[in-house]
Amino acid sequence: MLMLLAVMLIAGCAQKSKLKDIVEQENAGCPYLLEDGVTVTKVELANGNTVAFFISLDDTYGEFLGEEEGRDLLKGGMLHWFTDGDSPFKEAVEAVINEGGTIGCAFQNEEGTKWKCEFESYELEEARYENASIFDDDDEEEIADSIAYEDYDDTEAVDFESLANNSDDLDLDNMSDGMKETVLKLGIEEANKTMPQDLGDGLTMKSVKLAGSNLVYTVGVDEDLMDIAMLEMARDVMKEAMIGMVKEGDQDMQFICRLLVETNRGMDFKYVGNTSDKSVNIHLTSSELKRAIGL
């Protein structure tokens, strides 16, 4: 089943933190009214990579701090709010995810009751993914075709065809963003030339493509041989196994995962039943890939 990762034979680095500048910018806009009764009074950077939001609650939500159910509602609402596509703090959330940081929320009501909660970068990325639109195959095709890859200048020109199966010769440290996109595009094109691939156990690798901010592998499931409901039940186990295989993967696998991390992408495995058309999606976030390959 997990042999599907073998098709990854296709051809962060530390970067200056943007969190301090972004936090100063966001704090300059405070107080910020999220909605009636919920106000961000200030934003601070703590412990180097924790963006702390100080939030005051009036009588509308103040009582939530006094009970566990209310606190859970506040936490869930804030996670959705931070990762929604319309969030005004999108830039701060993006920086936290990219730098493996944390967002903290410090609540206080008019009676002086206080409560804190935190969101790790992987939680934010996973929630952002869940909030995004779910694409069907036609949508994925349209999005993939619409992605603009930057041109690399003549000084960066290389023979990509000769390097497609030899990632040893590709130096990501000295590669521009446009060149990384080009290498990724070439790798996808080369991988699709080998499709479809019989993976055994009723599974067939059908395609690999870019959809939104993820590299998506689509796997057909012969439902006469495998119950797709079983894949749904085993989702967590399969995800952990995939992360383990990325950790132990060869140089080519490490290369493609690093390329995804440096272009701020995750990886999806979309299993689609051949008769029911039901699907099961397993998502590895960019943060999970980054931890798996030790960046």
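Quick caveat: nothing in here was measured; it's all calculated off a predicted structure. (Residues numbered from 1 in each chain as written. Predicted model: local features only at pLDDT ≥ 70, side-chain atom pairs only at ≥ 80, totals over all residues. Heavy atoms only, no water.)

A. Structural detail: the sheet that holds strand β2 (residues 38-46). Taken together, five strands build an open sheet; the order of strands is β1-β2-β3-β4-β5 and the sheet is mixed. The two strands at the open ends of the sheet, each matched to only one other strand, are β1 (32-35) and β5 (114-120). On average, each strand axis in the sheet is inclined to that of its neighbour by 30°, with strand direction left out of account. This element, helix α1 (residues 19-28), spans β2 and β3 (50-57) of the sheet and lies at about 155° to β2. (Pairing = 2+ DSSP bridges. Helix = DSSP H or I, 4+ residues; strand = E, 2+ residues; numbered from the N terminus. Axes fitted to C-alpha atoms, helices over the stretch in contact; angles between N-to-C directions. Contact = heavy atoms within 4.5 Å.)

B. Molecular detail of the side chain of Thr83. Along the polypeptide, Thr83 turns up in helix α3 (residues 68-83). We classify Thr83 as buried; its relative accessible area is 4%. A polar contact is formed between the side chain of Thr83 and the backbone oxygen of Leu79, at a distance of 2.7 Å. (Buried < 20%, exposed > 50% of the residue type's maximum accessible area, 1.4 Å probe, protein only. Polar contact = N/O pair within 3.5 Å; in protein donor to acceptor, adjacent residues only side chain to side chain.)

C. Molecular detail of the nonpolar core. The biggest cluster of nonpolar side chains holds 39 residues, and the ones touching the most others in it are Leu231, Cys257, Met267, Phe269 and Tyr271. Considering each element in turn, this core owes the most residues, seven residues, to helix α11 (residues 251-262). Listed in part, the 30 residues of the second largest apolar core include Val23, Val51, Ile55 and Tyr61. (Core = buried A, V, L, I, M, F, W, Y, C linked by side-chain atoms within 4.5 Å.)

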